[in-house]
Amino acid sequence: MTRLALIATGGTIACTTVADGSLVPTISGADLAAEIDAEVVEFRQLDSSSITLADLDELIAVVNEHTAREDIGGVIITHGTDSMEETALALEIFCAGAKPIVLTGAQRAYDHPAADGPTNLRAARELAVSGRPGVFLCFGGETIPARGARKRHTSDLRGFESLSVPGTTPRLRPAPLASQRIEIIPAYPGAGRLLVDAAVNSPTSGLIVEAMGSGNMGEDMGRALADALHAGLPIAISTRTPYGPTALAYGGDGGGASLGKRGAINAGWFRPSQARILLAAALATGTDPAELFAQEG
């Protein structure tokens, strides 16, 4: 039988209801793994909204350590849903190889009378022992590739979907992400310079713009981003729109085409969450960001 490793990071799957009625991660990886017979790594007990790039650096190292072992056939990572898509893409960039790496979690707490965690965990086990190489989310009865994964609903048991981003994610040698400070800045009607200028005047490594439509923003914000690009700050433009690629088609100071001509990166199908990981990985490894964002079919 294939031996599995389970790396526990916390999340709703490990949460119970405490005295004030809130959910807190209290359940150990050993408790979660009781039904699936896996070697357990008690990595963290966090809500995934609190996972930092430094945490990801450590997690990448732990995953690579276990996938390098001949006696381990696959790795399961129990994880909160808030940032599962970011962690999955980071693992695909720095860990993907010949063995399955499967992230799973839950929308309902461990002590919920109809908890979904056990079902998700059993499905993750089946995928992990299959020998199918790659990084996947196994959640709500679906298997979703890391590339283009996105949380689609706050509470529905089918919590994730795939944007089916074309292309193949390059595999890179691990490099520290923690030093890369990538900020996500939203665009909205009338947005001005304030957030962009604040980011430029702080120790920011790069920016992700959550633009409107196919990649647009107000003129004041566009001029601020043009100044930031002129100063050499890497910027990728994504969109707040649920579906469809960023196109960078429009002119004017706030148009995506104008900023693209000044060096802004088109995030394509990637939404801001995964675009942030891609830009951090590119900067950490000295890789041309266009290589990581490439989406040729």
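Quantities reported herein were computed from a predicted structural model and do not represent experimental measurements. (Residues numbered from 1 in each chain as written. Predicted model: local features only at pLDDT ≥ 70, side-chain atom pairs only at ≥ 80, totals over all residues. Heavy atoms only, no water.)

Let's talk about the sheet that holds strand 6 (residues 100-104)
Taken in spatial order, the six strands line up as 4-1-5-6-7-8 in an open sheet, and their pairing is mixed. Bordering the open sheet on either side are strand 4 (38-46) and strand 8 (142-145), each of which pairs with just one other strand. Within this sheet the neighbouring strands show an average axis-to-axis angle of 20°, counted without direction. (Pairing = 2+ DSSP bridges. Helix = DSSP H or I, 4+ residues; strand = E, 2+ residues; numbered from the N terminus. Axes fitted to C-alpha atoms, helices over the stretch in contact; angles between N-to-C directions.)

Examining the side chain of Thr 16
One can find Thr 16 in strand 2 (residues 15-17). On the basis of relative accessibility, which here comes to 16%, the residue Thr 16 falls in the buried class. Within polar-contact distance, the side chain of Thr 16 engages the side chain of Thr 26 at 2.6 Å. Beyond its immediate sequence surroundings of up to four residues, Thr 16 is in contact with Ser 22, Leu 23, Val 24, Thr 26, Ile 27, Tyr 110 and Asp 111. (Buried < 20%, exposed > 50% of the residue type's maximum accessible area, 1.4 Å probe, protein only. Polar contact = N/O pair within 3.5 Å; in protein donor to acceptor, adjacent residues only side chain to side chain. Contact = heavy atoms within 4.5 Å.)

A closer look at the sheet that holds strand 14 (residues 265-266)
With parallel pairing, the four strands of this open sheet are ordered in space as 11-12-13-14. Each end of this open sheet is capped by a strand with a single partner; those strands are strand 11 (182-186) and strand 14. Of the pairings in the sheet, the one linking strand 12 (residues 206-211) to strand 13 (residues 235-239) comprises five bridges and is parallel in character. In the sheet register, Glu 210 faces strand 13, and the bridge partner there is Ser 238. On top of the sheet, helix 8 (residues 272-285) reaches strand 11, strand 12, strand 13 and strand 14; it is set at about 160° to strand 12, its chief contact.

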